[in-house]
Amino acid sequence: MTAEQLEANTYFDEIGIRNKEDICDLVIMLCRANKLSVTELENFLIDYFLKKLEKDYKNEDGRWRIEDFQNGELILSILKEFGTKTVGKEVVEKLIFWEKKIVKVLHDVFLHHKNYTKWKCYIDMLIWCCTMRMLCQQFWENYMTWIQEDRNEQTRQKEIDELLKKYHVTLEEYSDAYRIFCDVQQDFNG
């Protein structure tokens, strides 16, 4: 078994596994049996972690549910437990990369009215990234050091906060992702 075989789209379908927990358990077993290196485990799980984000960004459509947040937290916790001490830095860098791409799209002030489906997908993606970064901060003690390396972090965070504030009423009413984000934020700050 190699990481490349695991990454094949049909591999998990062939063995009848679609559940994220089962896939994570299998990857952990393979790593413990020395069939996958820690690096391969990290690379596979990071790619798996970002898979829905990449797919929905490309298709400009997607629904973000509580399961997506739970699956993200599951993968982050496995990376924390079985990965290297610095795997969190790579995850944070990739989340920042995606936040930048998504914020750029959401700067279109007419997107909300012009294409609500696309806007909803993108704002939920952004909320997912922010929530995952909060979890990274909880999981990895070096998070604040890693985030300081991002020179535009404060500017981007201000842009994100402004976007969420601007659409606060709509998000509260229609976005499960936003409600989850608010719950995580309250737990994190409280």
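Residues numbered from 1 in each chain as written. Predicted model: local features only at pLDDT ≥ 70, side-chain atom pairs only at ≥ 80, totals over all residues. Heavy atoms only, no water.

Engineer: Looking at this structure, I do not really get helix H10 (residues 153–166). What am I missing?
Structural biologist: For an α-helix, the turn length of 3.6 residues means that residues three or four places apart are oriented alike. With 14 residues, H10 should cover 20 Å at 1.5 Å per step; its first-to-last C-alpha distance of 20 Å lies within 8% of that length. Taken as a whole, H10 has its buried residues at Glu153, Arg156, Ile160, Leu163 and Leu164. Burial along H10 is one-sided: seen end-on, the buried residues are contained in an arc of 95°. Residues of H10 that are exposed and angled more than 90 degrees away from the buried face: Gln154, Thr155, Lys158, Lys165 and Lys166. (Helix = DSSP H or I, 4+ residues; strand = E, 2+ residues; numbered from the N terminus. Expected span 1.5 Å × (residues − 1). Buried < 20%, exposed > 50% of the residue type's maximum accessible area, 1.4 Å probe, protein only. Arc of directions from axis to C-beta.)

Engineer: I keep staring at the layout of surface pockets and nothing clicks. Help me out?
Structural biologist: Where empty space is left can be seen by rolling a probe of water-molecule size over the atoms. Computed from the structure, the second largest pocket encloses a volume of approximately 260 Å³. Around the second largest pocket, the lining comprises 16 residues; the ones closest to its centre are Arg133, Met134, Gln137, Gln157 and Gln185. Of all the elements in the fold, those that place two or more residues in the lining of the second largest pocket are helix H8 (116–139), helix H9 (143–148), H10 and helix H12 (176–189). Its residues placed into classes, the lining of the second largest pocket shows 9 nonpolar, 4 polar and 3 charged. (1 Å grid on protein atoms, 1.4 Å probe; cavity = no way out; pocket = protein on both sides within 12 Å on 5 of 7 lines; lining within 4 Å. Points joined across faces, edges and corners; volume = space filled by probe spheres on them. Nonpolar A, V, L, I, M, F, W, Y, C, P; charged D, E, K, R; others polar.)

Engineer: Hey, could you run me through the environment of isoleucine 23 in this one?
Structural biologist: Inspection of the secondary structure puts isoleucine 23 in helix H3 (residues 20–32). Here the alpha-carbon distance between isoleucine 23 and leucine 45, two residues 22 residues apart in the chain, equals 9.7 Å.

Engineer: Explain the nonpolar core to me, please; I cannot follow it from the model alone.
Structural biologist: If you look at soluble globular proteins, the nonpolar side chains tend to sit buried side by side. Core analysis: the biggest nonpolar cluster contains 63 residues, and Phe49, Leu53, Ile102, Leu106, Ile127 and Trp128 have the highest contact counts within it. It is H8 that contributes the most residues to this core, 14 residues altogether. Excluding residues that lie within four positions of it along the chain, leucine 106 makes contacts with Leu111, Trp119, Tyr122, Ile123, Leu126 and Leu163. (Core = buried A, V, L, I, M, F, W, Y, C linked by side-chain atoms within 4.5 Å. Contact = heavy atoms within 4.5 Å.)

Engineer: Is there a simple way to think about the environment of isoleucine 127 in this case?
Structural biologist: The residue isoleucine 127 is located in helix H8 in this model. In this structure, the C-alpha to C-alpha distance between isoleucine 127 and isoleucine 75, residues 52 residues apart in sequence, is 17 Å. When sequence neighbours within four positions are dropped, the list of residues in contact with isoleucine 127 reads Phe69, Leu164, Leu171, Ser175, Ala177, Tyr178 and Phe181.

Engineer: What's the story with the pattern of salt bridges in this structure? I'm lost.
Structural biologist: Any two side chains of opposite charge can pair, on the condition that their charged atoms come close. For the structure shown, the criterion picks out 10 salt bridges. For glutamate 99, the salt bridge goes to arginine 133, with nearest N and O atoms at 2.7 Å. Within this pair, whereas glutamate 99 is found in helix H6 (residues 87–106), its partner arginine 133 is found in helix H8, the two being separated by 34 residues in sequence. For the pair glutamate 99 and arginine 133, a shared accessibility class is recorded, and that class is buried. With its nearest N and O atoms 2.7 Å apart, the salt bridge here joins aspartate 150 to arginine 156. The burial state of aspartate 150 is the same as that of arginine 156; both residues are buried. Through salt bridges that share partners, Glu99, Arg133, Asp150 and Arg156 make up one connected network. (Salt bridge = Lys/Arg side-chain N within 4 Å of Asp/Glu carboxyl O.)

All quantities given are derived from atomic positions and should not be read as evidence of function.
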